[in-house]
Amino acid sequence: MNLPVEVIDAVRAQRCVVFVGTRAAFEAAELAESPYPDAKTLAKDLGWKKPKLVPGQRPKPAMASVEEGAALYESANGRAALLRFLQEQVGAGDLAPTAAHAGVLKHFPLIFTTAQDDLLERAAAAAGVRLDVLARGDRLPDADPSRRVLVKLRGGFERPDSLVLTPADFEARPLPVDLKKQLRTLVRNQVILFVGYRPDEEEFERLFGELSDAYGGELPRCHLASAQGPIDDYLWQKWVWRGLLLFTADPVECLNALEGQVP
């Protein structure tokens, strides 16, 4: 794996912002040989079903919707049952943080995540790192090299009221105007690295859309370390046209490569 030079240089200059996805927890489960659902499995377990093909319609890659599945599960069983189910499935309470979580905390003062587990918080506690945890509606603090800031864009199970799970949740709790302004400045002035995502999953599609909305148009060049497997030509072309530079790397592989370049 060749880590992009632009990312290496930006990390050295402390001009790189990282976004961490749930595939980091998926990898932690793989390393522990513990069950952990991918997005498609989780969506189906929640009740999502692949839309039926309309006669005469050309088939195209289907993207499983965890958000729609969560809405269906909530409608059938209630919000409390949905939270219990998701925490059991993806809360990662029985998993240990990986070298990727430790590496993210070492190299990035500002960390955004769409994961709802607490692996980064536990990695910080284990390393004795001061970590300020913010929710979706919080304003970013001024930069301080003595601490790390983690922004949980979809909330966390430790604060059930902060969780953003369904399409209705996203509609009711859009990114605040102040945070969007701050994100616009970050995207303009920093190099953006996505780790722990797949380009064929709703989690990344939603995040990229929210960042594009905050920026006010297509994002400038960003880098995605695509986790757990190769990228097909359709996805490659789709995202390259949107300004995303992709390379294949699981979170641990990506952060280990970065450690080799920026010790």
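Here goes a summary of the coordinates provided. (Residues numbered from 1 in each chain as written. Predicted model: local features only at pLDDT ≥ 70, side-chain atom pairs only at ≥ 80, totals over all residues. Heavy atoms only, no water.)

Let us now look at the environment of Phe-194. Its location among the elements puts Phe-194 in strand 5 (residues 191–197). Exposure remark for Phe-194: the relative accessible area of 0% places this residue in the buried category. When near neighbours in sequence (up to four residues on either side) are disregarded, Phe-194 contacts Phe-19, Phe-204, Leu-207, Phe-208, Leu-211, Cys-222, His-223, Leu-224, Ala-225 and Leu-244. (Helix = DSSP H or I, 4+ residues; strand = E, 2+ residues; numbered from the N terminus. Buried < 20%, exposed > 50% of the residue type's maximum accessible area, 1.4 Å probe, protein only. Contact = heavy atoms within 4.5 Å.)

Moving on, we get to the pairing of strand 2 (residues 110–113). Of the two faces of strand 2, both are covered, the one formed by Leu-110 and Phe-112 as well as the one formed by Ile-111 and Thr-113. The sheet contact formed by strand 2 and strand 4 (residues 148–152) spans four bridges and is parallel. By the bridge assignment for strand 4, Thr-113 is matched with Lys-152. (Pairing = 2+ DSSP bridges.)

A separate point is the layout of surface pockets. For the largest pocket, the calculated volume is near 410 Å³. In this structure, the largest pocket is lined by 17 residues; those nearest its centre are Pro-109, Leu-110, Asp-142, Ala-143 and Asp-144. Listing elements by their share of the lining of the largest pocket, those giving two or more residues are strand 1 (16–20) and helix 9 (177–189). Partitioned by chemical class, the residues of the lining of the largest pocket number ten nonpolar, three polar and four charged. (1 Å grid on protein atoms, 1.4 Å probe; cavity = no way out; pocket = protein on both sides within 12 Å on 5 of 7 lines; lining within 4 Å. Points joined across faces, edges and corners; volume = space filled by probe spheres on them. Nonpolar A, V, L, I, M, F, W, Y, C, P; charged D, E, K, R; others polar.)

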